[in-house]
Protein chains: 2
Amino acid sequence: MGTDRHPRFGHLSPADLGLFTDRYELTMLRGYRETEHTPESTFSLFFRSLPTDRGYVIAAGLEQAIAYLRELVFGDEQLDHLRKEGFPEAFLRYLAEFEFTGDVRAVPEGTAVFPNEPLLEVTAPIDQAQLFETLLLNQIGFQSLIATKAARMRDVVRRRGADQRLVDFGGRRAHGTDAGVKAARAAYVGGFDGTANEAAGSLFDVPVYGTMAHSWVQSFPSERAAFEAFVDVYGEDSVLLIDTYDTVTGAKTALEVAGERDEAIRGVRLDSGDLASLSQEVRGILPERMDVFVSSGVDEFFLREFFENDGVADGFGPGTSLTTSDDAPTLNPVYKLVAVEADGEMQPSMKLSKGKVTYPGAKRVHRFGDDTFRRDVLARADEEVGGRELLVDVVADGEVVYDFPTVDEIRDRTIQTLERLPEDIRAIENPATYPVDISESLDATAERVQSDLRTEMDL
Amino acid sequence: MGTDRHPRFGHLSPADLGLFTDRYELTMLRGYRETEHTPESTFSLFFRSLPTDRGYVIAAGLEQAIAYLRELVFGDEQLDHLRKEGFPEAFLRYLAEFEFTGDVRAVPEGTAVFPNEPLLEVTAPIDQAQLFETLLLNQIGFQSLIATKAARMRDVVRRRGADQRLVDFGGRRAHGTDAGVKAARAAYVGGFDGTANEAAGSLFDVPVYGTMAHSWVQSFPSERAAFEAFVDVYGEDSVLLIDTYDTVTGAKTALEVAGERDEAIRGVRLDSGDLASLSQEVRGILPERMDVFVSSGVDEFFLREFFENDGVADGFGPGTSLTTSDDAPTLNPVYKLVAVEADGEMQPSMKLSKGKVTYPGAKRVHRFGDDTFRRDVLARADEEVGGRELLVDVVADGEVVYDFPTVDEIRDRTIQTLERLPEDIRAIENPATYPVDISESLDATAERVQSDLRTEMDL
């Protein structure tokens, strides 16, 4: 079993982030440098199709993605690792001085996006644009996935004209620590009210909420003693978990403890059983001033059923379903070369791989419709087809030229976006397809590039 | 849109890790301290049921979990955050000096585990044991989920008596950066041969592999020029991606480029189309010495079908399905109080919440069967029922007392585990149920605790 190995932390420090890339990106970078082939290039980040039951995706994660792009470094230890892996000194010197000097255009966070529409486009010498593929996909893909899941839940609540609080409880089931905090941010961006994750609150100005666990209740000689001890410390801020032994008994005990002490307590939480039915019983026991908070298995489908069954609650704590987007755990985003400099000009580029075709060239997305979004047009970046253009300049010549909105501003944008999306696009099952037209000019470009490639390759 | 906000990095530093917990853990910790109620307690980490189509779970993530537990700190900035959130100074001083002084028993990584069996048990004053709930679930739950997914793929390959290379390609689709590197480690632990993620290679001694992307091919005037440039730099180490335009043409061009230069190149990669059929065509074109590597949509179901359709490959690069465990994206682990000190003795504890019952008390797991595992017995920690006991001492009085095995040693354990699990338990669809018996004594304890609780609560 080896000799007294110290447990490995395995936590990525900022100095490790340069290495958060696939080996092939580094292999290609070295190749681009050694063959002195570093043409200007444009890469486009998008998804080819919507995840199951999604009618739209809410873009998120741009702020962190841009911070990574600007602050990425290769630390000395990390360069040592690459040295041991056989990368030559000249290449390591290049990485040690790596700096992004290119341009980024992107869709603001909180914007609805559809298949083939770029969430982000990077234009830079190909080595610079290539390196970030893994990190940009990882970050923007995940936050967009979770913001979308959150927006679906917010929308189910919103459609009832209600404003129940939605709080992310999913840190423990998220895929690792980064997912835990980024999911909390993305959930807020998607319309949630806060998170239970303290680190996320500290990093992203997302409000933090918390109650108590069953272990608190079990650790005392009785449920009553546990409630009394908690109210001793937290007074009117107390939210008591009432399902450890029996939910209805717990509700009565909570009321007695609150009453005896002549203190209003904030409320109670239910975490098991038939929640719609129990919530009604508990609501009947407790006075209006006390809130009923519901957790355990909460997602958009649960919420729809809970309301259909006349459940009553002031707030919900979705967990696993939110932070893993369990019914559709990936957005499958891609980051594809769409244009490359040749003969002094940017030329549209594409591959012909079966089922994986990408529209060539840098693009614009034009959105039509005022109160309600009606359709988008995906167009060449150098044409103007009307409507509202979605991509904005974020980085120019390596410098940020965009005022990043606060999470509250992004959250407002998401809510407004939901209000403007047609209802059938927002359906949580079998949504309708939002029309994304391809501009004539883009279509013609794609035809020409494919036809030229086939001729060249003799296919 | 606010005023010139700098993009927020949002990357968790080690000093942030104390905050990677749910608010309610901190609320309870403060409560435990202020009410001077810090009884010795035992918490058990387990899952209640297997994820869809899983007949077993491979335990993983222990080494990182223990490192977190030992090295967790609350940095000054992090304490400032809690101060702003209203936590009192005395509690912040306590956190600043927080140290784990308890015991941990756990199942070694690479062990097969089943519902209700503890992967880990923590015994410590309740405040200390409580704090780690979120982080332990997050880390062990995720790595075990991915090690299991990886083991399923390794097993499909192994059943054919084959040893094709399996390499994690999923960093870009993982849920954040921590998931990217931990999935790479967990995949290796589960029987993979390596990862594409450079950071994971650096942090965890997992071998790193990489080829090239379509962008390399597209960035050159022709596929041939792209292949030639790559072979110029990498010579016989080159693996060429041949599906950018047409796979069969690409294979022929790759062979010509290799032949012209009188250099053996390592092989080619296929990433689209009907991969079983194309792999046969490509195998027919290329000499034996060149490997065929297959990626795109690879998971255990793909592998089964690929082999059934007589696909030929020397290696595979599973991505999204691996790092998100897409068909079952959570293990739903829980961390429950099972015993608490009262009247100077550890008393078994449980809750009665509907559908969420936990066997009370610290436990042992006994495994029976030599060449083939036959059944387990879940027992009280203080009884001896024969068989091989799975949990080992890892931390005692806050000090590590366990020699952590290397990832290679863990990987060997997983492979041996797969060999000893009955075939019907390893089925990738509708597996049989492995028998986990409850010892008479444990069953009687559970009955007694429940009955006492019902009497006490007048239920």
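Thresholds applied
Residues numbered from 1 in each chain as written. Chains lettered and ligands numbered in written order. Predicted model: local features only at pLDDT ≥ 70, side-chain atom pairs only at ≥ 80, totals over all residues. Heavy atoms only, no water. UniProt positions renumbered as here; feature names shortened; annotations may be inferred. Pairing = 2+ DSSP bridges. Helix = DSSP H or I, 4+ residues; strand = E, 2+ residues; numbered from the N terminus. Contact = heavy atoms within 4.5 Å. Axes fitted to C-alpha atoms, helices over the stretch in contact; angles between N-to-C directions. Buried area = accessible area lost by both parts, 1.4 Å probe. Salt bridge = Lys/Arg side-chain N within 4 Å of Asp/Glu carboxyl O. Polar contact = N/O pair within 3.5 Å; in protein donor to acceptor, adjacent residues only side chain to side chain. Domains from an automatic or database assignment. Nonpolar A, V, L, I, M, F, W, Y, C, P; charged D, E, K, R; others polar.

For chain A, the name recorded in an unreviewed UniProt entry is nicotinate phosphoribosyltransferase, with Halobellus rarus as its organism. UniProt, in its Sequence similarities (unreviewed entry) section for chain A, records the words "Belongs to the NAPRTase family."

(A) Quick peek at the sheet that holds strand β1 (residues 40-47) of chain B. All names here are of chain B. Strand order in the open sheet made by the seven strands is β13-β12-β1-β5-β3-β17-β18, with antiparallel pairing throughout. Both edges of this open sheet fall to β13 (345-348) and β18 (399-400), since each of them pairs with a single strand only. Across the sheet, helix α6 (residues 133-159) lies against β1, β5 (120-125) and β12 (333-342), angled at about 140 degrees from β12, the strand it touches most.

(B) Looking closely at the interface of chain B and chain A. Taken together, the contact pairs 134 residues of chain B with 134 residues of chain A. In total, about 11500 Å² of surface goes out of reach between chain B and chain A, with carbon and sulfur atoms giving 56% of it. On the chain B side of the contact with chain A, Phe9, Arg172 and His175 of chain B bury the most area, a combined 8% of that side's loss. Our count for the contact surface shared by chain B and chain A stands at 10 salt bridges. Summed over the shared surface of chain B and chain A, the number is 65 residue pairs in polar contact (both at pLDDT 80 or more).

(C) Seen up close, the domain arrangement of chain A. Residue and element names in this part refer to chain A. As assigned here, chain A comprises domain 1 (14-146 + 328-457) and domain 2 (161-324). A separation of 38 Å is found between the C-alpha centroids of domain 1 and domain 2. Taken together, the contact pairs 20 residues of domain 1 with 21 residues of domain 2. Note on domain 1 versus domain 2: buried area summed over both sides is about 1800 Å², and carbon and sulfur give 56% of it. Taken together, domain 1 and domain 2 are joined by four salt bridges. A salt bridge links arginine 185 to glutamate 109, with the nearest nitrogen and oxygen atoms 2.7 Å apart. Linking domain 1 to domain 2 there are 13 residue pairs in polar contact (both at pLDDT 80 or more). The set of elements that each furnish at least two residues to the side of domain 1 that touches domain 2 consists of α2 (62-71), α6 (133-159) and α15 (407-420). When grouped by side-chain class, the residues that make up the side of domain 1 that touches domain 2 number nine nonpolar, five polar and six charged.

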